[in-house]
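# An overview of the molecular structure
Chain residues, written in single-letter form:
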Amino acid sequence: MSPTARNLLPHAALLTAMAFWGSTFVVLRIALTALTPLQTMAGRMLVACIVFLPLWPRLWRELKEHGNLGTLTLMALCEPCLFFLFETHALRLTTASQAGMITSLLPLLVAAVAFVALREHAGLRMWLGFLLAVCGVTWLTLAAVPDEKAANPLLGNILEGIAMCCAAGYTVLARHLSTVYSALCITAVQAFVGMIFFCLLALVVPESDTLISLGRDFPAWVPWACVFYLGGIVTFAGYGLYNFGVKRLSAGRAAAYTNLIPVFALLFGVALLGEKLPPAQYGGALLIVLGVLLSQWRGISRNVPGQKPTV
């Protein structure tokens, strides 16, 4: 493989992972038309663990060799456990398009956490962009109004914001662990811890049987197909590709690709569910985009593999 192709590989992996993750907002909402949040996530993690079964002997040897089980567990608790717990409940209350826009905060949150935990440099531009994006998320959330597709968008958007904080912690921990573990091993640990977490919650925590309505009917098999897609494709391939990219780039550079998630989420939401942002929310969405561009524009272009990002 040529050096150019080798350098492009982590970027292609991250781009593909963002397309998978952008689709999850729509796919999760479809799954929630027939299943509760805990049922959906327990099924998703179970499917992912089944996919990993043939690889467990090799991965177990890697885990025993390197240790760091406490850090691995903390990473998995951040994501998928707490992240999916908040995001799945968020998507019962808000639209896929609005939740997707809030993910724009992730690169800025990661840069802030990486500045504290990994000493990755964060300049004035990043902090100004962060402030602008937070103002945009606040605008987007306060301007949200309930309708037939979003029962409580205010609470849903807040829950999605909390999920992004969990995702930031996960990204920084995954960056730290990627110096020791393979991307495949990190992804497998996430699936295994997530399966135990959500299966236990599904068994002991009572859930409301009120399901969401998207204003259209789906065949009975579609929500179950969504669970298999989430576990077999998004969890396995999406996280595998993302962890591969994080391993070869800095936490800040990899997280910058999450700017594409809202784009994919909006496209899928419009195309598959007929969603759209109310006019009052366009200003908030624009502030989010401007904040992300302000924080990332020049910093990413000056980064090279092996250097700390100037975000």
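Note: the structure precedes this text.
Below is a short write-up of the structure. (Residues numbered from 1 in each chain as written. Predicted model: local features only at pLDDT ≥ 70, side-chain atom pairs only at ≥ 80, totals over all residues. Heavy atoms only, no water.)

As a further point, take the overall build of the protein chain. Helix and strand counts for the protein chain come out as 13 helices and zero strands. Secondary structure elements in the protein chain, listed N-terminal to C-terminal, are α-α-α-α-α-α-α-α-α-α-α-α-α. Long-range contacts, defined here as pairs at least 24 residues apart, represent 90% of the contacts in the protein chain between residues at least 6 apart. (Helix = DSSP H or I, 4+ residues; strand = E, 2+ residues; numbered from the N terminus. Contact = heavy atoms within 4.5 Å.)

Moving on, we get to the environment of Phe228. Residue position: Phe228 is located in helix H10 (residues 221–248). Along the sequence, Phe228 and Arg44 sit 184 residues apart, while their C-alpha atoms lie 6.5 Å from each other. Not counting residues within four places of it along the chain, the set of residues in contact with Phe228 comprises Val47 and Ile233.

Put simply, helix H2 (residues 37–52) and helix H4 (residues 69–93) touch, their axes get as near as 10 Å, and they point 135° apart. The angle between the axes of H2 and H4 places the two elements in the oblique class. Handedness of the H2/H4 crossing: right-handed. On H4, the residues touching Pro37, Leu38, Met41, Arg44 and Met45 of H2 are Pro80, Phe84, Leu85, Thr88, His89 and Arg92. Here the residues of the contact of H2 with H4 sort into seven nonpolar, two polar and two charged. (Axes fitted to C-alpha atoms, helices over the stretch in contact; angles between N-to-C directions. Parallel < 35°, antiparallel > 145°, perpendicular 65-115°, else oblique. Left-handed = near helix turned anticlockwise from the far one by under 90°. Nonpolar A, V, L, I, M, F, W, Y, C, P; charged D, E, K, R; others polar.)

Together, Phe192, Ile196, Leu200, Leu203, Val204 and Val205 line one region of the surface with nonpolar side chains, adding up to about 580 Å² of accessible area. Tracing the backbone shows Val205 in the loop between helix H9 (183–204) and H10. (Patch = residues over 30% accessible without salt bridge, like charges linked within 9 Å, V, L, I, M, F, W, Y side chains within 5 Å. Areas by Shrake-Rupley, 256 points an atom, 1.4 Å probe, with all protein chains shown as cover. Salt bridge = Lys/Arg side-chain N within 4 Å of Asp/Glu carboxyl O.)

If you look at the biggest cluster of nonpolar residues, it comprises 79 residues, and the most contacted ones within it are Met75, Phe83 and Tyr242. Not counting residues within four places of it along the chain, the set of residues in contact with Met75 comprises Tyr170, Leu173, Ala174, Leu177, Ile186 and Gln190. (Core = buried A, V, L, I, M, F, W, Y, C linked by side-chain atoms within 4.5 Å. Buried < 20%, exposed > 50% of the residue type's maximum accessible area, 1.4 Å probe, protein only.)

Now for helix H6 (residues 106–117). Across its twelve residues, H6 extends 16 Å between first and last C-alpha, which sits within 8% of the 16 Å expected from 1.5 Å per residue. Those residues of H6 that sit buried are Leu106, Pro107, Leu108, Leu109, Val110, Ala111, Ala112 and Ala114. (Expected span 1.5 Å × (residues − 1).)

Any functional reading would require information beyond the geometric quantities listed.
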